[in-house]
Amino acid sequence: MKCNKTLLKITPLIVACTLAVSGCSSTKVQRVDANQEVALSDKWNGKDSQLVAEAMINDMLSFPWVNDHLQKEGQRPAIIIQSVRNKSHQHIAVDTFLNDLKRSILRSGQADFVANKDVRLEIREERKDQELNSSLETQNEMGQEQGADYALSGTINSFVDEQGGSRVTFYQVDLRLIDMTSNREVWNGQKKIQKLQERSRFGF
């Protein structure tokens, strides 16, 4: 009987403590500007992708091959992005990085961008459909595609150095631009990112 009375007394206290803990562990979500970097860890993020793409394309377009092509051909060079392989220690959304590269190329106004194989096949199917279903005035002819003059490809690498309460994560992006006619490498670029993360009392 005495035990029951004691249990009745402490039960409200247990309930109150449980509610308090639940309240402390609630999650808060807020909207932030997509251009604002929110670095929660030393992992590669969207801001890294954007900054690396812009820096590397600006460097690529500053090399002599652009003017050489304009003088020889009389028109802007056309670039195709073949592949950028992720060889780092973490999962990286390579498609996002490729899109950032494409946007930087197009925004520059100094070079054109040629769609990759998958996109080209989809467009060709659309043109075939136009031949059957569109008026002669609005049909787009087959065999009028622009070929790529240069191919862009590269890799993303990384390594981690950890000692004591600190960890440094190092990312290196290497890109190269190849002349499709001669196989000459007309540009080779490299961009490095280094991130320092300090250990909290809860660990990394």
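How each quantity is defined
Residues numbered from 1 in each chain as written. Predicted model: local features only at pLDDT ≥ 70, side-chain atom pairs only at ≥ 80, totals over all residues. Heavy atoms only, no water. Core = buried A, V, L, I, M, F, W, Y, C linked by side-chain atoms within 4.5 Å. Buried < 20%, exposed > 50% of the residue type's maximum accessible area, 1.4 Å probe, protein only. Helix = DSSP H or I, 4+ residues; strand = E, 2+ residues; numbered from the N terminus. Contact = heavy atoms within 4.5 Å. Pairing = 2+ DSSP bridges.

As recorded by an unreviewed UniProt entry, the protein chain carries the name Penicillin-binding protein activator LpoB and is attributed to Pseudoalteromonas luteoviolacea DSM 6061.

## Focus on the nonpolar core
M60, W65, I79, F97, L101, L152 and L177 are the most contacted members of the largest nonpolar core, which totals 29 residues. Of all the secondary-structure elements, those providing two or more residues to this core are α2 (46-60), α3 (65-73), β1 (78-86), α4 (94-108), β3 (150-163), β4 (166-179) and β5 (185-198). Leaving out residues up to four positions away in the same chain, W65 has contacts with M60, P77, I79, Y150, L177, V186 and W187.

## Looking at the sheet that holds β4
The mixed open sheet is built from five strands, whose spatial order is β2-β1-β3-β4-β5. A single partner strand is all that each edge strand has here, and the edge strands are β2 (112-113) and β5. Two elements, β4 and β5, share 13 bridges in a ladder whose sense is antiparallel. Residue pairing across strands places S166 opposite E198, the latter belonging to β5.

## Overview of unusual backbone geometry
For N183, which is not glycine, the phi dihedral falls at a positive 65°. With respect to the helices, strands and loops of the structure, N183 is situated in the loop between β4 and β5. The exposure class of N183 is exposed, given its relative accessible area of 61%.

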